[in-house]
Amino acid sequence: MINKELELNDSLVYSREIRVYKFLNLTEKAEVFQMFDKGYNDWEVYIYSFSKTLNQITKIDNFKFPKATNRSLKAKEAHLIWLNILLCNVDYLPSMDKIDYKLSKKRIESGELVMERSKILDGCSYEVFFRNNKIRNHFSFSNAEAYLEQYPDVDELILYNKLLLVLKNEFSF
């Protein structure tokens, strides 16, 4: 539904592309981050804000990366940002439901195994579609920051947060 309104293809078109769909759980707002290489290191980024209640786009931000840089201004290097995204292992990260077994605290109580897991309902959920030439991946997760506080040793939570940090620092997403 969102892709149709944003006029985005349901599948990733470019050989190097990432899309991150961000859904705010308590509101009817969504954001879509799209970064792609049109070819020959010609990168573009779009951030769409979308209202699910109005079923329409409320804002579009577009970032283009200049080929030449002015000495007084330091341009963002798109390829370096892409490499930082790749450092987050987005090509192999699983969805959160695949690591569910890691998100519990186990202990023995009265001779029985007891597992505790708190479910975090408030926050944001994300769906990520990724393509780097022939490698494709699709995964989803939610409330990564809150879960990382409770389970700081879970690699996947660390990488989800690392990805979000790259997007936040570079594009305020």
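Residues numbered from 1 in each chain as written. Predicted model: local features only at pLDDT ≥ 70, side-chain atom pairs only at ≥ 80, totals over all residues. Heavy atoms only, no water.

## Some words on the overall build of the chain
Then, in step 1: A tally of helices and strands in the chain yields four helices and eight strands.
Then, in step 2: The N-to-C order of helical and strand elements in the chain reads α-β-β-β-β-α-β-β-β-β-α-α.
Then, in step 3: Its C-alpha atoms give the chain principal-axis dimensions of about 70 × 40 × 35 Å.
Then, in step 4: Expressed as a percentage of the 173 residues in the chain, the buried residues total 39%.
Then, in step 5: Counted over contacts in the chain with a minimum sequence separation of 6, partners at least 24 positions apart contribute 53%.
Then, in step 6: Of the accessible surface of the chain, which amounts to about 10,600 Å², a share of 51% is contributed by carbon and sulfur atoms.
Then, in step 7: Measuring between centres, the 25 positive side-chain charges of the chain sit 5 Å from its 25 negative side-chain charges. (Helix = DSSP H or I, 4+ residues; strand = E, 2+ residues; numbered from the N terminus. Buried < 20%, exposed > 50% of the residue type's maximum accessible area, 1.4 Å probe, protein only. Contact = heavy atoms within 4.5 Å. Areas by Shrake-Rupley, 256 points an atom, 1.4 Å probe, with all protein chains shown as cover. Lys, Arg positive; Asp, Glu negative; His and termini not counted. Charge placed at Lys NZ, Arg CZ, Asp CG, Glu CD.)

## Some words on the state of the cysteines
Then, in step 1: Going through the model one piece at a time under the given rule, you end up with zero disulfides.
Then, in step 2: The closest cysteine sulfur to the non-disulfide-bonded Cys-88 is located on Cys-124, 17 Å from its own sulfur.
Then, in step 3: We classify Cys-124 as buried; its relative accessible area is 18%. (Disulfide = S-S within 2.5 Å.)

## Overview of the environment of Glu-44
Then, in step 1: Following the sequence through the fold, Glu-44 ends up in strand β3 (residues 43-51).
Then, in step 2: Considered as a pair, Glu-44 and Glu-17 are 27 residues apart in the sequence and their alpha carbons are 9.7 Å apart.
Then, in step 3: Contact partners of Glu-44, with chain neighbours within four places excluded, come to Gln-34, Met-35, Phe-36, Lys-38, Asn-62, Phe-63, Lys-64 and Phe-65.
Then, in step 4: A polar contact is formed between the side chain of Glu-44 and the side chain of Lys-38, at a distance of 2.7 Å. (Polar contact = N/O pair within 3.5 Å; in protein donor to acceptor, adjacent residues only side chain to side chain.)

## Details of the packing of aromatic side chains
Working definition: an aromatic ring pair is given by the centre-to-centre distance plus the angle between the planes.
Then, in step 1: Inspection of every chain in the model, using the stated rule, returns 14 aromatic pairs.
Then, in step 2: Pairing Tyr-21 with Phe-129 gives two aromatic rings, centres 5.7 Å apart and planes at 80°, and the pair type is edge-to-face. On the criterion of sequence distance, the pair formed by Tyr-21 in strand β1 (residues 16-24) and Phe-129 in strand β7 (residues 124-132) is long-range, its members being 108 residues apart.
Then, in step 3: Residue classification places Tyr-21 among the buried positions, given a relative accessible area of 6%.
Then, in step 4: Ring centres 5.2 Å apart and planes at 65° place the aromatic pair Phe-63 and Phe-171 in the edge-to-face group. Taken together, the residues Phe-63 in strand β4 (residues 56-64) and Phe-171 in helix α4 (residues 155-171) connect sequence positions 108 residues apart.
Then, in step 5: Feature note: the residues Phe-33, Phe-63, Phe-65, Phe-171 and Phe-173 constitute an aromatic cluster, connected by ring pairs.
Then, in step 6: The ring of Phe-173 is capped by Lys-22, whose NZ or CZ atom sits 5.6 Å from the centre of that ring.
Then, in step 7: Directly above the aromatic system of Tyr-151 lies the positively charged group of Lys-105, at a separation of 5.7 Å from the ring centroid. (Phe/Tyr/Trp six-rings, centres within 6.5 Å; stacked < 30°, edge-to-face > 60°. Lys NZ or Arg CZ within 6 Å of the ring centre and 35° of its normal.)

Function cannot be inferred from these measures alone, as they are strictly geometric.
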